[in-house]
Amino acid sequence: MGLLDQVEIGNPTQPHCATVLLLDTSGSMDGEKIANLNKALISFKEETLKDDIARKRVDLAVLAFGGTVHLVQDFCSIEDFEPPALSAGGGTPLGEAILKAADMLEVRKQQYKQQGIDYYRPWLFLITDGEPTDMEPGDATWNQVVTRVHTGEAEKKFLFFAVAVEPANLGTLAQIARDRQPLKLIGTKFAELFKWVSNSQAKVSSTKISDSVQLPDPVAAGWCEVPT
Amino acid sequence: MDATPQNPKSAGRSRVFGSSVIGPMHLQGEIPCQDACAYAATAADAIVIAVADGLGSAKRSDAGASLAVASAFRFCMTALDSESDEERKIEELVRDAAAHARKELELLAQEESCNLRDLACTLIIAIATGRQFAVAHIGDGAVVGEIEGILSLISSPGESEYTNEVVPLTSSEWRNSLRISSGESSIRGIAVFTDGCQRAAFRKVEDALVPFERFFTPVFNYAREVTDVVAGASEIAELLASVKLCEHSDDDKTFVVGVIETD
């Protein structure tokens, strides 16, 4: 019997990349925007399933904020992810949504540790078209949210991505996503955006890095323009 | 791959062999193998192993890993071959070998007008005699020893919370991140490997890594039985390229095993 037949594998679990999609479902997203977002979530699942590495590693949760913040999908594998049919309505409780997503990521990391699962730096991926309605620059919630995001990036707790859909206030978003410039979606190119997310996750979960995370160029991917 | 065959000067009581094998992902992407290794048993039956893993995010990390391994390995072999003094501190030697490898990477970056970070790689240098061992280690990968019959994690993959983030030898922080492990124990087996093998080699107990007996016992037993180290290296290569290992890591993989027989 050769060596190959004799050895056994110590820790057969795949490392995980916890990802929270934080999706704006406020009233202003109604119509073409929410319809394209829903379609894009279906193709996101399809794209990620095509990648042998990403499909084993992405651990996805979806949090929607429109009127209230609600958990659409708790963490699950991409195979188990059931793309939701989101509907739009209500205000934009962005502050509460970001805090909840950051909490979810911390809890998930603790679960990984308890279960002996290796993991990558988690992703918090925000898509919004509006101004937050539960905070204003300088108020208590605002300060809590920006501190959470800025220290989260600085202490490498997560990667925070913000994508602005027309007519989102890029200035407001840029203050929150200080360490990673928000990107502006061209029209409603959600499908291209999620294809890029899928490709990026495949890349991140298979590349050893030193200090900075390098992702495929989003402008070249054709879904965004870098705001001027 | 930069593997060195058995040193003909070795008295033959110690044996060391291993391989670096390209991972499925690099094969698919037509990216070169970014792992490298070199190993030998010395005339005094000490075992020297150098292993490096080039970072996927660095453009020329394959060249970095090869150079780091070759320079650290040569540094140790030259010193051990020229030293008759057995009391020489191998702990200092592995530390100096890491510094030498870092310098060589700086020189290569200058010569080729590239950024040092383009050559980013991890590095492990291990020396084991029958009585003592020393390891210099930066980045992930690990060293496991069989000491007085017990499997022991000699050098762990490091502090990083995330499985793919490391401080490489090319970092300005490399001195602070270089870990030295040493001991004066009766070491009979040593395995040095890159992170591509970690999931096979360890189980996790309350977030701590524990060498997996059902992996290492067959490996060390095999190393004691095999007489032809070239055949041994092929057997390791076959293991590293197997579906059994690759379904748990698509990365390049390096595994070098040494056994030391003393009177």
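Residues numbered from 1 in each chain as written. Chains lettered and ligands numbered in written order. Predicted model: local features only at pLDDT ≥ 70, side-chain atom pairs only at ≥ 80, totals over all residues. Heavy atoms only, no water.

Asks: For the packing of helix α2 (residues 32-50) of chain A against helix α7 (residues 190-204) of chain A, give the residues involved together with the corresponding values.
Replies: The relative placement of two packed helices is expressed as an angle between their axes plus a distance between the axes. All names here are of chain A. The interhelical angle for the contact between α2 and α7, taken along N-to-C directions, is 30°, at an axis separation of 8 Å. With respect to each other, α2 and α7 are oriented roughly parallel. Crossing of α2 against α7: the hand is right-handed. Across the interface between the two elements, K33, N36, L37, A40, L41, S43, F44, E47 and T48 of α2 pack against F190, A191, F194, K195, V197, S198 and Q201 of α7. Class assignment of the residues belonging to the contact of α2 with α7 gives a composition of 8 nonpolar, 5 polar and 3 charged. (Axes fitted to C-alpha atoms, helices over the stretch in contact; angles between N-to-C directions. Helix = DSSP H or I, 4+ residues; strand = E, 2+ residues; numbered from the N terminus. Parallel < 35°, antiparallel > 145°, perpendicular 65-115°, else oblique. Left-handed = near helix turned anticlockwise from the far one by under 90°. Contact = heavy atoms within 4.5 Å. Nonpolar A, V, L, I, M, F, W, Y, C, P; charged D, E, K, R; others polar.)

Asks: Please give an account of the interface of chain A and chain B that cites residues and values.
Replies: If you look at the interface, chain A gives 36 residues, while chain B gives 37 residues. Taking both sides of the interface into account, the surface hidden between chain A and chain B amounts to around 3,400 Å²; carbon and sulfur atoms contribute 54%. When residues of chain A are sorted by the area they lose upon contact with chain B, L3(A), L4(A) and K208(A) head the list and together hold 24% of the total. Linking chain A with chain B are 6 salt bridges. R121(A) serves as the salt-bridge partner of E165(B), at 2.8 Å between the closest nitrogen and oxygen. Applying the counting rule to chain A against chain B returns 19 residue pairs in polar contact (both at pLDDT 80 or more). Those elements giving two or more residues to the side of chain A that touches chain B turn out to be α1 (3-6), α3 (52-57) and α4 (94-115) of chain A. Counting residues per element, the side of chain A that touches chain B draws most heavily on α1(A), which supplies 4 residues. Tallied by class, residues from the side of chain A that touches chain B come to 14 nonpolar, 11 polar and 11 charged. (Buried area = accessible area lost by both parts, 1.4 Å probe. Salt bridge = Lys/Arg side-chain N within 4 Å of Asp/Glu carboxyl O. Polar contact = N/O pair within 3.5 Å; in protein donor to acceptor, adjacent residues only side chain to side chain.)

Asks: Any details on the sheet that holds strand β7 (residues 150-155) of chain B? Residues and values, ideally.
Replies: Residue and element names in this part refer to chain B. With antiparallel pairing, 5 strands are arranged side by side in an open sheet as β1-β12-β9-β6-β7. Two strands lie at the open edges of the sheet, namely β1 (14-21) and β7, each paired on one side alone. Within this sheet the neighbouring strands show an average axis-to-axis angle of 15°, counted without direction. Where strand β6 (residues 142-147) and β7 come together, 5 bridges link them in antiparallel fashion. Its bridge partner being in β7, G145 is matched across the sheet by S152. The strands touched by helix α6 (residues 213-225) are β1, β6, β7, β9 (187-193) and β12 (253-260); relative to β12, the strand with the most contacts, the crossing angle is about 60°. With respect to the sheet, helix α7 (residues 229-241) is in contact with β1 and β12, its orientation differing from that of β1 by roughly 35°. (Pairing = 2+ DSSP bridges.)

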